[in-house]
Amino acid sequence: MRIRQRYYDVFSYFYDWVIKLHSQDKSLWLRHYLSRKSGVKSTDKVLDLCTGTGALAIILSQYTPQGMVIGLDFSLGMLKKAREKAKTLKRKNLYWVVADAGALPFKSGTFDVITCSHAMYELTGKTRRLALENIKRCLRPGGRFCMMEHEEPKHPFIKFLYHLRLLSMGKEGREIVRHELEELKNIFTNVVKEITPTGRTKLICGEKGN
Ligand SMILES: C[S@@+](CC[C@H](N)C(=O)[O-])C[C@H]1O[C@@H](n2cnc3c(N)ncnc32)[C@H](O)[C@@H]1O
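Cut-off values and rules
- Counting from 1, residues in each chain are numbered in the order their sequence is written.
- Whole-chain, interface and lining totals are the exception, using all residues; otherwise, since this is a predicted model, local features are given only for residues with pLDDT of at least 70 and side-chain atom pairs are given and counted only at 80 or more.
- In computing side-chain values, all of the structure's heavy atoms are included and hydrogens and water are not.
- A run of H or I in DSSP becomes a helix once it reaches four residues, and a run of E becomes a strand once it reaches two; helices and strands are each numbered from the N terminus.
- All radius of gyration figures rest on C-alpha atoms, and the globule criterion is 2.2 Å times the number of residues raised to 0.38.
- Note on exposure labels: buried denotes an accessible area under 20% of the residue type's maximum, exposed denotes more than 50%, and partly exposed covers the range between, all computed with a 1.4 Å probe on protein chains only.
- Between two residues, a contact is recorded if the distance between any of their heavy atoms is within 4.5 Å.
- Exposure was quantified through the Shrake-Rupley algorithm and a 1.4 Å probe, taking into account, for residues, occlusion by the shown protein chains and nothing else.
- Neither His nor the chain termini are counted; the positive set is Lys and Arg, and the negative set is Asp and Glu.
- Here the site of a charge means NZ on Lys, CZ on Arg, CG on Asp, or CD on Glu.
- Between N-to-C directions, angles cover 0 to 180 degrees, with each direction set by a line fitted to C-alpha atoms, over the stretch in contact for helices.
- Here the nonpolar group is Ala, Val, Leu, Ile, Met, Phe, Trp, Tyr, Cys and Pro; Asp, Glu, Lys and Arg are the charged ones; every other residue, Gly included, is treated as polar.
- Only residues above 30% relative accessible area that lack a salt bridge enter a patch, with like-charged residues linked at up to 9 Å and the nonpolar side chains Val, Leu, Ile, Met, Phe, Trp and Tyr linked at up to 5 Å.
- Salt bridge, as applied in this entry: a Lys or Arg side-chain nitrogen positioned within 4 Å of an Asp or Glu carboxyl oxygen.
- Throughout, the term near means that a residue has one or more heavy atoms lying within 4 Å of the molecule or strand in question.
- Distance and chemistry together define a polar contact, namely a pair of N or O atoms within 3.5 Å, with one atom able to donate a hydrogen and the other to accept it when in protein, and with adjacent residues in sequence counting only for side-chain atoms on both sides.
- A pair of strands counts as paired when DSSP detects no fewer than two bridges linking them.
- Clockwise travel from the first strand over the helix to the second, with the strands pointing away from the viewer, marks a crossover as right-handed.

Tallying secondary structure elements over the protein chain gives eight helices and seven strands in all. Computed over C-alpha atoms, the radius of gyration of the protein chain comes to 16 Å, within 12% of the 17 Å expected from 2.2 N^0.38 for 210 residues, which places it in the range of a compact globule. Dimensions of the protein chain, computed from the C-alpha atoms along their principal axes, are close to 45 × 40 × 35 Å. When each of the 210 residues of the protein chain is scored for burial, the buried share is 47%. Sequence separation of at least 24 residues holds for 73% of the intrachain contacts in the protein chain that already meet a minimum separation of 6. For the protein chain, the exposed surface amounts to about 11,200 Å²; the carbon and sulfur share of it is 58%. For the protein chain, the distance from the average site of its 37 positive side-chain charges to the average site of its 21 negative ones is 4 Å.

Right, let's get into the packing of helix α1 (residues 2-11) against helix α5 (residues 76-87). Their axes nearest at 6 Å, the elements α1 and α5 cross at an angle of 30 degrees. Note on element contacts: α5 touches α1 through Leu 76, Gly 77 and Met 78, opposite Tyr 8, Asp 9 and Phe 11. Considered class by class, the residues forming the contact of α1 with α5 number four nonpolar, one polar and one charged.

The next subject is a nonpolar patch on the surface. Taken together, the side chains of Phe 157, Ile 158, Phe 160, Leu 161, Leu 164 and Leu 167 define a hydrophobic patch exposed on the protein surface, amounting to about 580 Å² of accessible area. A relative accessible area of 49% places Phe 157 in the partly exposed class.

Our focus in this paragraph is the site of the ligand. Taken together, 19 residues are adjacent to the ligand, and Tyr 15, Cys 50, Asp 73, Ala 101 and Ser 117 come closest. A distance of 3.2 Å separates a nitrogen atom of the ligand from a polar atom in the backbone of Phe 74. Between the ligand and Ala 101, the relevant distance is 2.9 Å, taken from a nitrogen atom to a main-chain nitrogen or oxygen of the residue. Alone, the ligand offers 600 Å² of accessible surface; in the complex the protein occludes 97% of this. Counted by class, the shell around the ligand contains nine nonpolar, six polar and four charged residues.

Moving on to the pairing of strand β4 (residues 111-117). Burial of β4 is extensive: seven of the seven residues sit out of reach of the surface. One ladder, built from four bridges, connects strand β1 (residues 45-49) with β4; its direction is parallel. Paired with Leu 49 across the bridge in β4 is Cys 116. Of the pairings in the sheet, the one linking β4 to strand β5 (residues 139-150) comprises six bridges and is parallel in character. Among the inter-strand pairings, Ser 117 is bridged to a residue of β5, identified as Met 148. The parallel pair β4 and β5, bridged by helix α6 (residues 125-138), forms a crossover whose chirality is right-handed.

Even without a glycine there, the phi angle at Lys 90 is positive, about 50 degrees. Looking at where Lys 90 falls in the secondary structure, it is placed in the loop between α5 and β3 (94-98).

Within the secondary structure, Glu 149 is located in strand β5. For Glu 149, a relative accessible area of 0% corresponds to the buried category. Among the polar contacts made by the side chain of Glu 149, one reaches the main-chain amide nitrogen of Tyr 121 at a distance of 3.2 Å. Not counting residues within four places of it along the chain, the set of residues in contact with Glu 149 comprises His 118, Ala 119, Met 120, Tyr 121, Arg 165, Thr 201 and Lys 202.

Note that all results are geometric; they support no functional claim without further evidence.
In structure tokens, the structure reads:
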């Protein structure tokens, strides 16, 4: 765990630059897309899990002027970058929390919406199981969970890199991707998967039953 945290602390210095290069500037658009699809309302309490440098949390806070958004990550380096970016915006409804996704420090039923962008595949083994249990616990009944991940690329080289990433998740990697819909359907209701109009990203949303 510590090694992964350190890895992300170092990665935080380059992260936004890599994303810009990789997403060909679609990243901002995709984060607005996810925000709208999450059904977030102006008074909602939102948790952005594994927020990284806070790009999605910052955008979500535009949608919740009378609510609040918490960006959570286990890397202090990532959260420092997030705080720097948010400072100039002077949002009063945006907070940062250092914690592990598998041990969320919030009361049950706190959030209306929980999001996770490009990080569900980082969570494997016991952490993944605990994270999913915690997401469900921390959502209010009827609350929504929305995750965004890359769809399997068509270009052979990019496809190779995609599968390399899955391999880096250990032997579980491929299984997680193969069974993610069933996994989520066992936890949430009304689980729907869609491919975004970019054709390169997928969105999966579900609800906590009443
Ligand atoms: C690929 S980045 C995605 C960041 C951001 N959500 C985005 O869309 O740009 C993955 C993030 O997950 C965080 N992360 C990985 N495992 C975690 C865990 N167990 N608990 C909390 N954060 C975690 C990392 O620190 C990193 O910031």
